[in-house]
Amino acid sequence: MAPTETAQRKFLPYGRQSISEADIEAVAEVLQSDWLTQGPAVPAFERALSETVGAGQAVVCCNGTAALHLAMLALGIGEGDVVVTTPVTFLASANCARYVGADVKFVDIDPETGLMRPDCLADLLDKDSEKRIKAVIPVHFGGQPANLPEIHAMARQHGAFVVDDACHALGASFEYRNTRYRVGGNPFSDMTVFSFHPVKHVTTGEGGAISTDDVALADRLRRFRSHGIQKEGFACGSLAHAGDGRVNPWYYEMSELGYNYRMSDIHAALGRSQLGRLPRSLERRRTIAALYDKLIVRDLRLSQVVPLKVAANVSHAYHLFVVRVDFASLSVDRAAVMESLRGAGIGTQVHYIPVHLQPYYRKHSGTKPGDFPGAEAYYAQALSLPMYPELTEADIEYVVDRLSSVLREGEISC
Ligand SMILES: Cc1ncc(COP(=O)(O)O)c(C=O)c1O
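From a predicted model like this one, the values you see are computed outputs, not experimental measurements. Within each chain, residue numbers correspond to sequence positions counted from 1 in written order. For this predicted model, a pLDDT threshold of at least 70 governs which residues receive local features, and a threshold of 80 or more governs which side-chain atom pairs are given and counted, while totals over whole chains, interfaces and linings are taken from all residues. Note that water and hydrogens are dropped before the side-chain values are worked out from all heavy atoms of the structure.

K.L.:
Got a minute to help me understand the site of the ligand in this structure?
P.N.:
The rule for a residue being near a molecule or strand is that one of its heavy atoms must lie within 4 Å of it. The environment of the ligand is formed by 15 residues, the closest being G64, T65, D165, S195 and K200. Whenever two N or O atoms come within 3.5 Å, that pair is a polar contact, provided that in protein one can donate a hydrogen and the other can accept it, and provided that, for residues adjacent in sequence, both atoms are side-chain atoms. Between the ligand and T65, the relevant distance is 2.5 Å, taken from an oxygen atom to a side-chain nitrogen or oxygen of the residue. Here S195 contributes a side-chain N or O atom positioned 2.8 Å from an oxygen atom of the ligand. Against a free-state accessible area of 390 Å², the protein chains account for coverage of 91% of the ligand. A run of H or I in DSSP becomes a helix once it reaches four residues, and a run of E becomes a strand once it reaches two; helices and strands are each numbered from the N terminus. Listed by contribution, the elements that provide at least two residues to the shell around the ligand are α4 (64–74) and α5 (92–99). Gly falls in the polar group here, along with every residue not listed as nonpolar (Ala, Val, Leu, Ile, Met, Phe, Trp, Tyr, Cys, Pro) or charged (Asp, Glu, Lys, Arg). Split into classes, the residues belonging to the shell around the ligand amount to 5 nonpolar, 8 polar and 2 charged. With residues, only the protein chains shown are counted as cover, and all accessible areas are computed by Shrake-Rupley using a 1.4 Å probe.

K.L.:
Explain the sheet that holds strand β3 (residues 103–106) to me, please; I cannot follow it from the model alone.
P.N.:
Strand pairing in a sheet is mediated by backbone hydrogen bonds. Such pairs are either parallel or antiparallel. Taken together, the 7 strands give an open sheet; going across it, the order is β1-β11-β10-β7-β6-β2-β3, and neighbouring strands pair in mixed fashion. With partners counted over all chains shown, the strands left at the sheet margins are β1 (57–61) and β3, one partner each. Neighbour to neighbour, the strand axes of the sheet diverge by 25 degrees on average, direction disregarded. Pairing between strands requires that DSSP locate at least two bridges from one strand to the other. Alignment of β1 against strand β11 (residues 208–212), held across 5 bridges, turns out to be antiparallel. Counted as the bridge partner of C61 is G208 from β11. Simply put, an axis is a line fit to the C-alpha atoms, just over the touching stretch for a helix, and the angle between two N-to-C directions goes from 0 to 180 degrees.

K.L.:
When you look at the environment of D265 in this model, what are you seeing that I'm missing?
P.N.:
Take D265: it is sitting in helix α10 (residues 265–275). Exposure categories follow from relative accessible area, calculated using a 1.4 Å probe and restricted to protein chains: below 20% of the type maximum is buried, above 50% is exposed, and the middle band is partly exposed. The class of D265 is buried, set by a relative accessible area of 1%. Distance from D265 to Q38, taken between C-alpha atoms, is 6.6 Å for residues 227 residues apart in sequence. Other than its neighbours up to four places away in sequence, D265 contacts V30, W35, L36, T37, Q38, G39, P40, A41 and V42. Here the side chain of D265 touches Q38 through a polar contact of 3.2 Å, landing on its backbone nitrogen. Contacts are residue-level and defined by heavy atoms, with any inter-residue pair within 4.5 Å sufficient.

K.L.:
Got a minute to help me understand the pairing of β1 in this structure?
P.N.:
Two faces, one strand: in a regular strand the side chains alternate between the faces of the sheet. Here β1 lies mainly inside the structure; 5 of its 5 residues are buried. Going residue by residue along β1, you find Q57, V59 and C61 tucked away on one face and A58 and V60 tucked away on the opposite face as well.

K.L.:
It is not clear to me how the packing of helix α13 (residues 334–343) against helix α16 (residues 393–409) should be interpreted in this structure. Could you clarify?
P.N.:
Pairs of packed helices are described in terms of their axes, by the angle between the two and the distance that separates them. The interhelical angle for the contact between α13 and α16, taken along N-to-C directions, is 135 degrees, at an axis separation of 10 Å. Taken together, the axes of α13 and α16 lie oblique to each other. The chirality of how α13 crosses α16 is right-handed. In this structure, α13 uses V337, S340 and L341 to contact α16, whose residues at the interface are R402, L403, V406 and L407. When its residues are assigned to classes, the contact of α13 with α16 shows 5 nonpolar, 1 polar and 1 charged. Roughly parallel here means an angle under 35 degrees, roughly antiparallel means over 145, roughly perpendicular means 65 to 115, and every remaining angle is called oblique. Handedness of each helix crossing follows the sense of rotation of the near helix against the far helix: counterclockwise by less than a right angle gives left-handed, clockwise gives right-handed.

Next up, the structure:
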């Protein structure tokens, strides 16, 4: 590769947002309107999102982390309770439990998929004789749906809720007993959480959402999203009502401690505009993944490089494209590989450092290296390659070609 060719190539990050003229117009329209926040764009985005995922209700908020926190609050999870998630996820899937004072326990993953192992969940539930486990948070890692039907059946039998973390999986679906179910709109979870961070399928800059079919849960989510304020069902009748019995027009009441986790209309307008392009962008991500699969298996011909396994019954949303690289048997160092690829204009990332190895969780959950062999084996080999709709066929060929060079030769000659 000639030096000028590398210098002229646009850098390929591991993920990035797509912003269209229509997105810019949608945001500008709100900026010129009377409502920058608490206006009509928020419920309009919520309606569009609930239709997209096939849920009765969608509640949007300021980010995916807040959405997870709201889900814990709405379920009444608190001190003395235990919340279960997997170690191979972003910190927020576990942190949300700590925000409400609950303890976190982890369930190992299958290193070939990155997904929660239902058999390991069964073991943990069996040991929980005091029934402290109140919620299970499976993560649809990378965009592939976890085995929700099995996880939900076990959780329900134990009396625990399921909140699936679909921050990677907007638009994913799975087939179960001859029926196709959408992530976010199926009977196998109580609430589903989404993130609209820029590397996700739909972005609002920062943003998040929860979908649910449970109207009472949605009401609680909306209340906790806005300081705990309610506008009906008042406890203080004499303050609430005028002499003629009508509710005072300025009156509101707070019975529970909430937050300001609202999404602005500016963000919501961007999200709704982006959502319109979701089918096209998912299709493109799936095409890119198929090309990666083909090139890695056919051309790379390195048995030490394997894309994550995808189950036959799922339609993957491909937020990430993760390959497992046996760095040890190739005698190459992952950091050096990433640096070489960066030098060639290719961004890669490691998703994720197992959460149970974080100093905070070693202290609070008593975890240590060796506790979750699946997660640790996965972590030793994981590498996320660029994945976003604007990547061209030539970009993908270039990524695989450079990966091949760096793994075979230890460096990229350019
Ligand atoms: C699996 C997962 N859960 C939760 C979050 C938190 O979302 P946010 O960054 O919008 O707070 C993320 C964000 O990357 C994530 O990847």
